[in-house]
Amino acid sequence: MKIISLNTWSGRAGNKELLDFFTRHEDIDVFCLQEVWEGGHEHSSKWGENIDTKLITNIGKVLKNHTVFFRPHYKDFYGLAIFIKNNIKIQEEGDIFVFKDRESAFREFDKNHARNLQYITIETPKGLRTICNFHGIWNGISKEDTDERITQADNIINFLKNISVPHVLCGDFNLLPENKSLKMLENLGMKNLIREFSIQSTRSSHYKKPVRFADYTLVSDGIEVNEFKVLPDEVSDHLAMYLDFE
């Protein structure tokens, strides 16, 4: 089973470059994507320039053998998406809000807007596996621990504790390796592959700030990792994480 997690940066790095990335990796079983759009053109200026407000549709035109599940956390057009190969049997798909709530997601935008965690439980030759896609709080100030981030971690942990099958949690956490809120997840028994594989950066050259960490992949007991790496493709201000397991 192969997974790629990528914060798409809303397509800002170039629509052609991003779509070519998906073409090159169309054999991937599951894509966990953050910062994706489907609509909301009239709101896009709040995020900046060169935003693709039809990004999900455009990626779908490339990944013709995949089905998309879109779970927004700002109004009905911006949030998380999972693209999964059509031949994979799905037992359950959904999301939970881990910061604020679904109702607040439809209110006016602010930096600390609502955050959800998207999950999908699939059948594999070794049994059921759950894959979780996540984009953590961004407050526009720093990636240090805050009360809001601790609350967010508590809510994720409460959800993960109720998953009875081996699981993967991946995405743009907007955290630093030393954060308490990240270590809370590790203390749950999750293995942090960024730490385990001594990854030094998950940021591309499009990102100009000195902090080079944001994205993480964590796995529970029962997930047998064959390969984990950060891909070099410069298609966002984030680099994609690649996981091959079992």
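Here we summarise the structure given alongside this text. Here the structure is a predicted model, which means the values were calculated and not measured.

Quick notes on the nonpolar core
Then, number 1: Residues Leu117, Leu160, Leu169 and Phe173 are the most contacted members of the largest nonpolar core, which totals 45 residues.
Then, number 2: Top element by residues in this core is helix H3 (residues 147–160). It accounts for six residues.
Then, number 3: Of all hydrophobic cores here, the second largest spans 21 residues; its members include Phe21, Phe22, Phe83 and Val235.

A closer look at the layout of surface pockets
Then, number 1: By volume, the largest pocket amounts to about 740 Å³.
Then, number 2: Considering the residues around the largest pocket, the lining is formed by 31 residues, among which Trp138, Arg203, Tyr207, Lys209 and Asp237 are closest to the centre.
Then, number 3: When grouped by side-chain class, the residues that make up the lining of the largest pocket number ten nonpolar, nine polar and twelve charged.

Some remarks on the pattern of salt bridges
Then, number 1: With the rule as written, the count across this model stands at eleven salt bridges.
Then, number 2: As a salt-bridge pair, Asp95 and Arg102 come within 3.1 Å of each other at their nearest N and O atoms.
Then, number 3: Its relative accessible area of 10% is what places Asp95 among the buried residues.
Then, number 4: With its nearest N and O atoms 3.1 Å apart, the salt bridge here joins Lys126 to Glu224. In this pair, Lys126 sits in the loop between strand E6 (115–124) and strand E7 (127–135) while Glu224 sits in the loop between strand E10 (215–219) and strand E11 (225–230), placing the two residues 98 residues apart along the sequence.
Then, number 5: A residue is classified by how much of its surface remains accessible, and Lys126, at 49% relative accessible area, is partly exposed.
Then, number 6: Within the structure, one salt-bridge network assembled from shared partners comprises Arg71, Glu93, Asp95 and Arg102.

A closer look at the sheet that holds strand E8 (residues 167–172)
Then, number 1: The mixed open sheet is built from six strands, whose spatial order is E5-E6-E7-E8-E10-E9. Looking at strand neighbours, the two that pair on one side only are strand E5 (90–99) and strand E9 (191–192), the edges of this open sheet.
Then, number 2: Inspection of the sheet shows E5 paired to E6 by eight bridges, in the antiparallel sense. Counted as the bridge partner of Asp95 is Gln118 from E6.
Then, number 3: Of the strands in this sheet, E5, E6, E7 and E8 are in contact with H3, which crosses E5 at around 155 degrees.

Here we look at helix H2 (residues 55–62)
Then, number 1: The set of residues buried in H2 consists of Leu55, Ile56, Asn58, Ile59 and Val62. The buried residues of H2 all sit within an arc of 165 degrees when viewed along its axis, so they share a single face.
Then, number 2: As for H2, its buried residues are in contact with helix H1 (15–24), strand E2 (30–37), strand E3 (66–74) and strand E4 (78–85).

A word on empty space enclosed by the protein
Then, number 1: Under the criterion given, the structure shown has two cavities of 30 Å³ or more.
Then, number 2: Reported here for the largest cavity is a volume of approximately 50 Å³.
Then, number 3: In this structure, the largest cavity is lined by Phe134, Arg149, Gln152, Ala153, Ile156, Phe173, Leu175, Ser181 and Leu185.
Then, number 4: Among the secondary structure elements, those contributing two or more residues to the lining of the largest cavity are H3 and helix H4 (180–187).
Then, number 5: If you tally residues by element for the lining of the largest cavity, the top one is H3, at four residues.
Then, number 6: There is about 40 Å³ of room inside the second largest cavity.
Then, number 7: Of all the secondary-structure elements, those providing two or more residues to the lining of the second largest cavity are strand E1 (2–7), E8 and strand E12 (241–245).
Then, number 8: No other element matches E12, which puts three residues into the lining of the second largest cavity.
Then, number 9: Here the lining of the second largest cavity is built from residues that sort into six nonpolar, two polar and no charged.

Calculation notes
Residues numbered from 1 in each chain as written. Predicted model: local features only at pLDDT ≥ 70, side-chain atom pairs only at ≥ 80, totals over all residues. Heavy atoms only, no water. Core = buried A, V, L, I, M, F, W, Y, C linked by side-chain atoms within 4.5 Å. Buried < 20%, exposed > 50% of the residue type's maximum accessible area, 1.4 Å probe, protein only. Helix = DSSP H or I, 4+ residues; strand = E, 2+ residues; numbered from the N terminus. 1 Å grid on protein atoms, 1.4 Å probe; cavity = no way out; pocket = protein on both sides within 12 Å on 5 of 7 lines; lining within 4 Å. Points joined across faces, edges and corners; volume = space filled by probe spheres on them. Nonpolar A, V, L, I, M, F, W, Y, C, P; charged D, E, K, R; others polar. Salt bridge = Lys/Arg side-chain N within 4 Å of Asp/Glu carboxyl O. Pairing = 2+ DSSP bridges. Contact = heavy atoms within 4.5 Å. Axes fitted to C-alpha atoms, helices over the stretch in contact; angles between N-to-C directions. Arc of directions from axis to C-beta.

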